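Examination of the molecular architecture
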Number of protein chains: 2
Amino acid sequence: MAHEIKILTETELRALVKLDLEAIDVVERAFRALGSGDVVMPPILSMAIPEANGEVDVKTAYIRGFDGFAIKVSPGFFNNPALGLPSLNGLMILFSAKTGLVEALLLDNGYLTDIRTAAAGAVAARHLAPREVTTAGVIGTGVQARLQIEAAHLVRPFSRVLVWGRDAQKAQRCADDIGRKLGIEAFAVADAEEVVAQSQLVVTTTPAEEPVLKAGWLHPGLHITAMGSDQTGKNEIDPAALAAADLYVCDRLSQVEVLGELRAAISSGVWQKGTPPELGDILSGKHRARTSDDEITICDLTGTGAQDTAIATFAIEMARQKRSGTAIIT
Amino acid sequence: MAHEIKILTETELRALVKLDLEAIDVVERAFRALGSGDVVMPPILSMAIPEANGEVDVKTAYIRGFDGFAIKVSPGFFNNPALGLPSLNGLMILFSAKTGLVEALLLDNGYLTDIRTAAAGAVAARHLAPREVTTAGVIGTGVQARLQIEAAHLVRPFSRVLVWGRDAQKAQRCADDIGRKLGIEAFAVADAEEVVAQSQLVVTTTPAEEPVLKAGWLHPGLHITAMGSDQTGKNEIDPAALAAADLYVCDRLSQVEVLGELRAAISSGVWQKGTPPELGDILSGKHRARTSDDEITICDLTGTGAQDTAIATFAIEMARQKRSGTAIIT
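About the criteria used
- Residues numbered from 1 in each chain as written.
- Chains lettered and ligands numbered in written order.
- Predicted model: local features only at pLDDT ≥ 70, side-chain atom pairs only at ≥ 80, totals over all residues.
- Heavy atoms only, no water.
- Least-squares fit on C-alpha atoms with pLDDT ≥ 70 in both.
- Contact = heavy atoms within 4.5 Å.
- Pairing = 2+ DSSP bridges.
- Helix = DSSP H or I, 4+ residues; strand = E, 2+ residues; numbered from the N terminus.
- Axes fitted to C-alpha atoms, helices over the stretch in contact; angles between N-to-C directions.
- Domains from an automatic or database assignment.
- Buried area = accessible area lost by both parts, 1.4 Å probe.
- Phe/Tyr/Trp six-rings, centres within 6.5 Å; stacked < 30°, edge-to-face > 60°.
- Buried < 20%, exposed > 50% of the residue type's maximum accessible area, 1.4 Å probe, protein only.
- Salt bridge = Lys/Arg side-chain N within 4 Å of Asp/Glu carboxyl O.

**Here we look at the relation of the copies chain B and chain A**
For these two chains of identical sequence, chain B goes onto chain A by a turn of 180 degrees and a shift of 0.0 Å along the axis, with RMSD 0.0 Å. Taken together, the turn and the small shift mark the pair as related by a two-fold rotation axis. Of every C-alpha in chain B, the one belonging to Leu45 of chain B sits nearest the axis of rotation, 3.0 Å from it. Most of the interface of chain B is mirrored in chain A, where 100% of its interface residues are also at the interface.

Printed below as a string of structure tokens:
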């Protein structure tokens, strides 16, 4: 039976969904649902295409109370830059949770993933960072380095940003971009330790396979969000730092054990604190958050299908309101 | 970076891809690739949405030598008929195997799955059925009952078809449709045993959870293709029949152990023949096929991502040749 499918391009989606407090609230609702158990979220489907140095991940989640569920397909093809193409790509498909009919194709080329990933960092910062953050730091110099700082600034309006990356020129460009965008001071610094020493909030955004943040650098009144690890083999944070922190929180236990920072901490034997809380447990009050401004907290984000369903549902609501997109009958 | 995506509707796809020998050959190539190990095929992603009596499956496979790979999303929402909607639905997305960019969206509402599923039955019949088939039988009365017989007729031009289903009226309509379509005799019969007794080729196409085909009905010179089971809990063929057959072949071992006929045969302890061959092993000559017209063969099909990639690639080739579809820039 023929039905209508709405198609939204990246350009249309960029006009509809911005990195703002509304998007952060949308993603926070997804984590609340995860915390209350109102989510069906199967393991990530992952396929490698070694000949092209490529991989493709498929994520999905059904959140009770949402009209639709999204399936996100994220290809990463790491020879693409040599061809003049971005490595990351993809689309989201929104289905009716009542009939399973395709409702919308969100041809976002990864834009909505960028937004929901940065928004998750802001949710972590909102509920775990010290109340007062004057300096924020970022390790890494890519798209997420910029977006994570932009999102965190919405919930902790710091006045200074420090950036470190392996490539000093890229770090300088990243600092310049952040400073211009937020209208605050932003500096590239010579080593990662200095970033951590001077910041109350640090985000790591690298694909590192060896820790870029050492346990010895931790200091009272620090929150760290590690969002770079999303695959076995990646590791941004010294396992000893996870053990030393007053509170370690993950987005989804079943994912961080395999894909996140917890993996290395478990396999090295350093992690002895049992089952850590998920971000949703903090939001729902099932587990304590930070209890004093002096504590050290770490949040480990690998990215969840629940965030995808939340942001895709929000995007299509906005598209309906603004009558955006193209309809196809099939 | 903006790129072009081709969108094809169900109507366009029905005009481009038919159930013919060309489609059967396309699917046979997918099984040959599976048999030669030239396929990366991750486990199926599956999510239940119990509130809506729904489920959604995602399948994919990369076949070496193919320019693209498909990801297929198949929702099944079993309250839909009460809403006047079909239970099964879905779409396929074709990606470049070189860059991971989305090349095409095939909004087929399950049509290409119907074709590649029936084509797989024909591949099994071509390589496993007795050379001479005068009567073919089908158990089940749905879309696949019709298409499996239509496809099998392309490789074994039988002159008579027998149909059995739980609902006698539906069986009669199915027989009438088949007779008209193929221009041969087709009868609905009163019990499944009669179908098997009189046929050299039988296809089971039901969602049965208790066997609809008994081991005692097997006779020399019989080939059975069981294509209904695609989920844990389904079981069309008496486990003792699998053990009694001269040759049992599956589409993919890792799938039939969990989703196919072999599951019940293993769990009941009846299956004692070790690792069975896959259809691809028969095609590549790694394992013997039928060795005499008197043997009893069974083929267990659960549906593979490799078939999806093959039929999607074929569909987009046809669309390019015929300049069909709509282009969207994103």
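**Description of the sheet that holds strand β11 (residues 201-204) of chain B**
All names here are of chain B. Read from one edge to the other, the open sheet built from seven strands follows the order β10-β9-β8-β11-β12-β14-β13, with strand pairing classed as parallel. One side of each edge strand has no neighbouring strand; the edge strands of this open sheet are β10 (185-188) and β13 (247-250). Across the sheet, the axes of successive neighbouring strands diverge by a mean angle of 15 degrees, strand direction being ignored. Relative to strand β14 (residues 296-300), β13 runs parallel, the two sharing four bridges. Each residue of the ladder has a partner; that of Tyr248, found in β14, is Ile298. Across the face of the sheet, helix α3 (residues 111-128) comes into contact with β11, β12 (222-226), β13 and β14 while running at roughly 160 degrees to β12. Relative to β10, helix α5 (residues 168-182) is tilted by about 175 degrees, and along the sheet it contacts β8 (135-139), β9 (160-164) and β10.

**A short note on the environment of Cys299 of chain B**
Its place among the elements puts Cys299 of chain B in strand β14. Taking the C-alpha atoms as reference points, Cys299 of chain B and Asn79 of chain B, separated by 220 residues in sequence, lie 31 Å from one another.

**Observations regarding the domain arrangement of chain A**
Residues and elements named next belong to chain A. Domain annotation of chain A identifies domain 1 (4-113 + 306-329) and domain 2 (120-303). Here the C-alpha centre of domain 2 lies 24 Å away from the C-alpha centre of domain 1. Of the residues lining the interface, 17 residues belong to domain 1; the matching set on domain 2 comes to 23 residues. Summed over both partners, the interface of domain 1 with domain 2 buries about 1,700 Å², with 58% contributed by carbon and sulfur atoms. When residues of domain 1 are sorted by the area they lose upon contact with domain 2, Leu19, Ile24 and Phe31 head the list and together hold 31% of the total.

**Here's the deal with the sheet that holds strand β10 (residues 185-188) of chain A**
All names here are of chain A. Pairing is parallel across the open sheet formed by seven strands, whose spatial order is β10-β9-β8-β11-β12-β14-β13. On the outer flanks of this sheet lie β10 and β13 (247-250), each paired with one strand and no other. Strand after strand, the sheet turns through a mean of 15 degrees between neighbouring axes, direction not considered. Where helix α4 (residues 143-155) meets the sheet, its contacts fall on β8 (135-139), β9 (160-164) and β11 (201-204), and the angle it forms with β8 comes to roughly 160 degrees. Seen against the sheet, helix α5 (residues 168-182) touches β8, β9 and β10 and runs at an angle of roughly 175 degrees to β10.

**Structural notes on the packing of aromatic side chains**
Tallied over the entire structure, the rule returns five aromatic pairs over all chains. With centroids separated by 6.5 Å and ring planes inclined at 5 degrees, the aromatic side chains of Phe69 of chain A and Phe77 of chain B adopt a geometry described as stacked. Here Phe69 of chain A, found in strand β5 (residues 68-77), pairs with Phe77 of chain B, found in strand β5 (residues 68-77), and the two come from separate chains. Given a relative accessible area of 0%, Phe77 of chain B falls into the buried group.

**Details of the pattern of salt bridges**
Residue and element names in this part refer to chain A. In this structure the tally under the stated criterion is 30 salt bridges over all chains. A salt bridge links Arg14 to Glu10; the nearest nitrogen and oxygen atoms lie 2.9 Å apart. Taken together, the positions of Arg14 and Glu10, both in helix α1 (residues 10-16) and four residues apart, correspond to about one turn of that helix. Here Arg126 ties to Glu28 by a salt bridge, and the two come within 2.5 Å at their closest N and O atoms.

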